[in-house]
Amino acid sequence: MKVLKFGGTSVANAQNIKLVLDIVTNKAKEDKIIVVVSALSKITDTLHLAAAKAAANDENFKEIIAEIEKIHLDTLKQLIPVSEQSSLLSHIKRIVNHLETLLDGCFLLGELSARTLDTILSFGELLSSYVIAEALKQNLKNSGYKDSREVIKTNNNFGKANVNFEITNLLIQDFFHSNEKQVVVMPGFISSSTDGISTTLGRGGSDYTAAIIAAALDATDLEIWTDVNGMFTANPKIVKQAQPISTISYQEAMELSHFGAKVLYPPTIQPVLQKNIPIYIKNTFAPEVDGTFISHNPQTNTNPVKGISHIENITLITLEGPGMIGVTGSSKRLFEVLSHAHINVIFITQASSEHSICIGIANEDAEEAEIAINKAFEVEIAQSKVDPCLVEKNLCIIALVGEKMKNHQGLSGKMFSTLGKNNVNIRAIAQGASERNISVVINERDVKKALNTLHERFFEDNTKQLNLFVMGVGNVGEIFMAQIAQQKKFLKENLKINLRVIAVSNSRKMYFDEDGIDLKKWQDLLADGEATDQEIFITKVKELNLRNSIFVDITANEGVSKLYEKFLKESVAVVTCNKIACASEYDNYINLKNLSRKYNAPFLFETNVGAGLPIIDTVKNLIASGDKVHKIQAVLSGSLNFIFNNFDDKNSFHDVVKEAGVQGFTEPDPTIDLSGIDVARKILILIRESGYKMDIEEIANESFMPAACLQTKSNEAFFASLIEHTAHFDNIYKEALSKDSRLKYVAQFENGKASVGLQFIPKDHPFYNLEGKDNIVLFYTDRYVDQPLLIKGAGAGAAVTASGIFADVIRIGNV
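**Some details on the overall build of the chain**
- For the chain, the count of helices and strands is 29 helices and 30 strands.
- At 36 Å, the chain has a C-alpha radius of gyration far larger than the 28 Å of a compact globule built from 815 residues.
- Taken along its principal axes, the extent of the C-alpha atoms in the chain is 115 × 75 × 55 Å.
- Burial status across the chain gives 54% buried among its 815 residues.
- In the form shown here, the chain has an accessible surface area of approximately 35,500 Å², with 48% of it arising from carbon and sulfur atoms.

Written out as structure tokens, the structure is:
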């Protein structure tokens, strides 16, 4: 014999009930079947509302009853042939009339007792089971109906009655031993006291009904039919990558169910656990899927963690004080107070010093618990032996569950470090000696991030999801987006990095998509986005609170660079090619570096110097390994190198600068490059990364540009001034020719002093043959004395800059 239970969503309407009937009919070909059904979807809540309105003298309860009647009549009409409907419809109306009489009584008396409420709520299952039983007879003549109240007997604890198993088991066995029907339909959730008064079994009552019957009859198995493919490794509504669990132990299932896995309610398992009856969790809407198999000895897999679950709306209450140390009975008094107030304790942890004890309860019980505890310990509080209890609301418990966790070292450490890396603060920790469950309390706003991060760590083959918020999608930004689209699949398959762009923004528009922007359509989506607002941008990043969030700045905007501090404080990593922040006041530079360490949020800016060349990373490694930089010589402007490599007696200075802009080598404002300020910022960053304190005002800038050119107010005026000063630039070129030298814009640092300026480079110098837009850097250190460490390569261009930004993003993914 099998027991099948179908939940509210499975019997929500006639269409769903037809699926249920098909499943039952097929199962009945092989076994005798008992079908336990819940009320139609949301009917129990609707009955509760009607009862509350009636007791409050609100006549609108009659409209609710009329709607309940209509739903059941319409459902029956869709399931039963017209020729056979008359008597059945009349029966439903009689049931509803009885219900309305009870509600009229509540209305007249203006009260609602627990006993009456149980009777009212029982009508949901009575109606659904009657409709389904009659519909089943159309397909399977050898089927019948049994009112659960006749066989499940309880005490009078209305709302959550306790089952008298001795009487109940006998009644169930007596009925089914003489029953000849192939299928019997029974209402779940409802029962009756030994003196015949309707009672209910509380939350998860329909599951409990099915388990009670299965245990009483030693059923071969219990099948719980719902709207999901079994139990999952995490809540699939929060964790998109959650996977169905094929096999699981009773204990693991109870742990996951207790911590929010809604497909099962823990007490459900108890009766069948004692009889070692296996449970199947199946999907009514995909009956071919295997679902989850729950038993004493499930098949083992290599992962010791079976699932991650959580309970929201938790309040943490801490009782502490020196008067608790070594004093017996403090814990007993605390729990007695809560027990007397009927407050359920979900979470317990106590320091070994006995100085404090911490409990987790539902938010709704917090105020009552605080008053009761402070009253119970009022003498100790008055004597300053115990502090008034500390109450922290809006928290959440996250639980890592697995039967085999006790045999694996380091799982707690992995859990804590994974949360820590994403700045999820742990408020309390609890772990039993069985090590079947490791629980932590965190802020409720971090739930989604925590669940996804932990799931990624324990179930997704260490695939790391990176969530990018990109500001600046001009020339370099557009190429960066193209590179991501091109390499996305490669990164996931080879580096286990799942890259998603969550937001894009330019100076006019911004667009967000929590599930990741379609990289084939990002330009169209951005064009239809909302107006750009930096404060709203930051607020949305905070509200999304996604794991491994990275802000990518591909602008040259000072205002954007001032946002870094806010992002780092939210544990959002920053990747930037914008040099302004790292070349700003030294205190700001140091502050950003410190925030990066404090909030475990990488701050990477490799493209600040040399575009995609590994210059800054090399300096960091030198310093980290104990080397010391004494001298730096460098050509750090790819744009200026391009300009002076192409400027000659055939190509005017004006034309070459214009061409550099066309090819994307210069900044939108070319004076930034030609004034030397850009090179000064770059050498300053290298100096600071080498461990020296310096500000940009300390760098001597020996400009080759006429002051009039740099004082122009627009690009048009600037280029006009270049033509006006053609002779000045020609004279510089002629001087270089006379010295048999080449023009290079050089940055230098030595003995604590730095400068940038145009130099005549002789043929025997390493800079002489530097072609095109290349950069070159020479580091003289303790280890590189006679021959400097030399880094050379393309130092400008949108493609190499974009690839350098991309490389920084991948570095974060590999951390």
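**Quick word on the sheet that holds strand 18 (residues 464–471)**
- Taken in spatial order, the seven strands make up an open sheet running 21-20-19-18-22-23-24, and their pairing is mixed. Edge positions in the sheet fall to strand 21 (530–531) and strand 24 (603–604), since each has one partner strand and no second.
- Summarising the sheet, strand 19 (residues 497–505) and strand 20 (residues 509–512) pair through three bridges and their orientation is antiparallel. Residue pairing across strands places Ser505 opposite Met510, the latter belonging to strand 20.

**Considerations on unusual backbone geometry**
- Despite not being glycine, Asn276 has its phi angle at roughly 55 degrees, a positive value.
- Here Asn548, not a glycine, exhibits a phi torsion of approximately 50 degrees, which is positive.
- Within the secondary structure layout, Asn548 lies in the loop between helix 17 (534–544) and strand 22 (549–553).
- With a relative accessible area of 13%, Asn548 lands in the buried category.

**Quick look at the packing of aromatic side chains**
- Per the counting criterion, the structure on display carries 23 aromatic pairs.
- Between the aromatic rings of Phe603 and Phe605, the centroid separation amounts to 5.0 Å while the plane-to-plane angle is 50 degrees, which identifies the pairing as tilted.
- Given a relative accessible area of 5%, Phe603 falls into the buried group.
- Given a relative accessible area of 1%, Phe605 falls into the buried group.
- Ring geometry for Phe647 against Phe653: centres 5.3 Å apart, planes inclined by 75 degrees, an arrangement best described as edge-to-face.
- For Phe647, a relative accessible area of 5% translates into the label buried.
- An aromatic cluster is present here, built from Phe469, Phe512, Phe537, Phe551, Tyr564, Phe567, Phe603 and Phe605 joined pairwise through their rings.
- A cation over a ring is seen here: Arg333 above Phe377, with NZ or CZ 4.3 Å from the ring centre.
- Here the guanidinium or amino end of Lys631 rests over the ring plane of Tyr780, the centre of that ring lying 4.9 Å away.

**Observations regarding the pattern of salt bridges**
- Scanning the entire structure with this criterion turns up 28 salt bridges.
- Lys2 serves as the salt-bridge partner of Asp221, at 2.7 Å between the closest nitrogen and oxygen. With a gap of 219 residues between them, Asp221 in strand 8 (residues 221–226) and Lys2 in strand 1 (residues 2–6) connect regions that are remote in the sequence. Residue Asp221 shares its accessibility class with Lys2, and that shared class is buried.
- Residue Asp147 is joined to Arg149 by a salt bridge in which the shortest nitrogen-to-oxygen separation is 2.8 Å.
- Owing to a relative accessible area of 11%, Asp147 belongs among the buried residues under this scheme.
- Taken together, the shared-partner salt bridges in this structure form one network comprising Lys579, Asp678 and Lys682.

**So, the packing of helix 1 (residues 14–28) against helix 5 (residues 114–139)**
- At their nearest, the axes of helix 1 and helix 5 sit 10 Å apart, and the two run at 55 degrees to each other. Classified by the angle between their axes, helix 1 and helix 5 sit oblique to one another. The two elements helix 1 and helix 5 cross, and the hand of that crossing is right-handed. From helix 1, Ile17, Leu21, Val24 and Thr25 reach across to helix 5, where they touch Ile132, Ala135, Leu136 and Asn139.
- Here the contact of helix 1 with helix 5 is composed, by residue class, of six nonpolar, two polar and no charged.

**Quick look at the packing of helix 3 (residues 61–79) against helix 5**
- For the pair helix 3 and helix 5, interaxial distance at closest approach is 10 Å and the crossing angle is 10 degrees. Between helix 3 and helix 5, the crossing angle belongs to the class labelled roughly parallel. Listed contacts from helix 5 to Ile68, His72, Thr75, Leu76 and Leu79 of helix 3 are Leu127, Ser128, Val131, Ala135 and Gln138.
- Taken together, the residues of the contact of helix 3 with helix 5 sort by class into six nonpolar, four polar and no charged.

**Remarks on the nonpolar core**
- Phe469, Phe537, Phe551, Phe653, Leu686, Phe704 and Phe779 are the most contacted members of the largest nonpolar core, which totals 83 residues.
- Ranked by the residues each element gives to this core, the list is headed by helix 25 (residues 677–689), at seven residues.
- Aside from chain neighbours lying at most four places away, what touches Phe469 is Ile502, Ala503, Phe512, Phe537, Val541, Leu544, Leu546, Ser549, Ile550, Phe551 and Val552.
- With 55 residues, the next largest nonpolar core counts Ile23, Val24, Ala28 and Ala39 among its residues.

**Here we look at helix 2 (residues 43–55)**
- Along its 13 residues, helix 2 runs 18 Å from first to last C-alpha, staying within 8% of the 18 Å computed at 1.5 Å per residue.
- Within helix 2, burial applies to Ile43, Leu47, Ala50, Ala51, Ala54 and Ala55. Viewed end-on, helix 2 has its buried residues packed into an arc of 130 degrees, placing them on one side of the element.
- Looking at the buried residues of helix 2, the elements they touch are helix 3, helix 4 (86–109) and helix 5.
- Downstream of helix 2 by one or two residues, Asn57 has phi in the positive range, about 60 degrees.

**Some points on the side chain of Thr226**
- Within the fold, Thr226 resides in strand 8.
- Residue Thr226 is classed as buried on the basis of its relative accessible area, which comes to 13%.
- Not counting residues within four places of it along the chain, the set of residues in contact with Thr226 comprises Ser10, Val263, Ile281, Lys282, Asn283, Thr284 and Phe285.

**Some details on the environment of Gly326**
- Following the sequence through the fold, Gly326 ends up in the loop between strand 12 (307–320) and helix 10 (330–340).
- Given the relative accessible area of 58%, Gly326 is considered exposed.
- Considered as a pair, Gly326 and Asp587 are 261 residues apart in the sequence and their alpha carbons are 50 Å apart.

**Focus: the sheet that holds strand 11 (residues 292–295)**
- Judged by pairing direction, the sheet is mixed, and its eight strands sit side by side in the order 3-5-2-1-8-10-11-9 without closing on themselves. The open sheet has two edge strands with one neighbour each: strand 3 (143–145) and strand 9 (247–249). Each adjacent strand pair in this sheet contributes to an overall mean axis angle of 20 degrees, direction not counted.
- Pairing analysis gives five bridges linking strand 2 (residues 33–37) to strand 5 (residues 183–187), with the strands arranged parallel. Along strand 5, the bridge assignment pairs Ile34 with Val184.
- Strand contacts of helix 5: strand 2, strand 3 and strand 5, with the helix running at about 165 degrees to strand 5, the strand carrying the most contacts.
- Lying over the sheet, helix 7 (residues 205–217) contacts strand 1, strand 2, strand 5 and strand 8, oriented at roughly 160 degrees with respect to strand 2.

**Quick look at helix 3**
- When the terminal C-alpha atoms of helix 3 are compared, their 28 Å separation across 19 residues agrees well with the 27 Å that a helix rising 1.5 Å per residue should span.
- Looking only at helix 3, the buried set comprises Phe61, Ile64, Ile65, Ile68, His72, Leu73, Thr75, Leu76 and Leu79. For helix 3, the arc enclosing every buried residue in end-on projection is 170 degrees, short of the 170-degree limit, so these residues lie on one face. Facing away from the buried surface of helix 3 by more than 90 degrees, the exposed residues are Glu63 and Gln78.
- Next to the buried residues of helix 3 lie helix 1, helix 2, helix 4 and helix 5.

Reading the values: the criteria
- Residues numbered from 1 in each chain as written.
- Predicted model: local features only at pLDDT ≥ 70, side-chain atom pairs only at ≥ 80, totals over all residues.
- Heavy atoms only, no water.
- Helix = DSSP H or I, 4+ residues; strand = E, 2+ residues; numbered from the N terminus.
- Rg over C-alpha atoms; globule rule 2.2 N^0.38 Å.
- Buried < 20%, exposed > 50% of the residue type's maximum accessible area, 1.4 Å probe, protein only.
- Areas by Shrake-Rupley, 256 points an atom, 1.4 Å probe, with all protein chains shown as cover.
- Pairing = 2+ DSSP bridges.
- Phe/Tyr/Trp six-rings, centres within 6.5 Å; stacked < 30°, edge-to-face > 60°.
- Lys NZ or Arg CZ within 6 Å of the ring centre and 35° of its normal.
- Salt bridge = Lys/Arg side-chain N within 4 Å of Asp/Glu carboxyl O.
- Axes fitted to C-alpha atoms, helices over the stretch in contact; angles between N-to-C directions.
- Parallel < 35°, antiparallel > 145°, perpendicular 65-115°, else oblique.
- Left-handed = near helix turned anticlockwise from the far one by under 90°.
- Contact = heavy atoms within 4.5 Å.
- Nonpolar A, V, L, I, M, F, W, Y, C, P; charged D, E, K, R; others polar.
- Core = buried A, V, L, I, M, F, W, Y, C linked by side-chain atoms within 4.5 Å.
- Expected span 1.5 Å × (residues − 1).
- Arc of directions from axis to C-beta.

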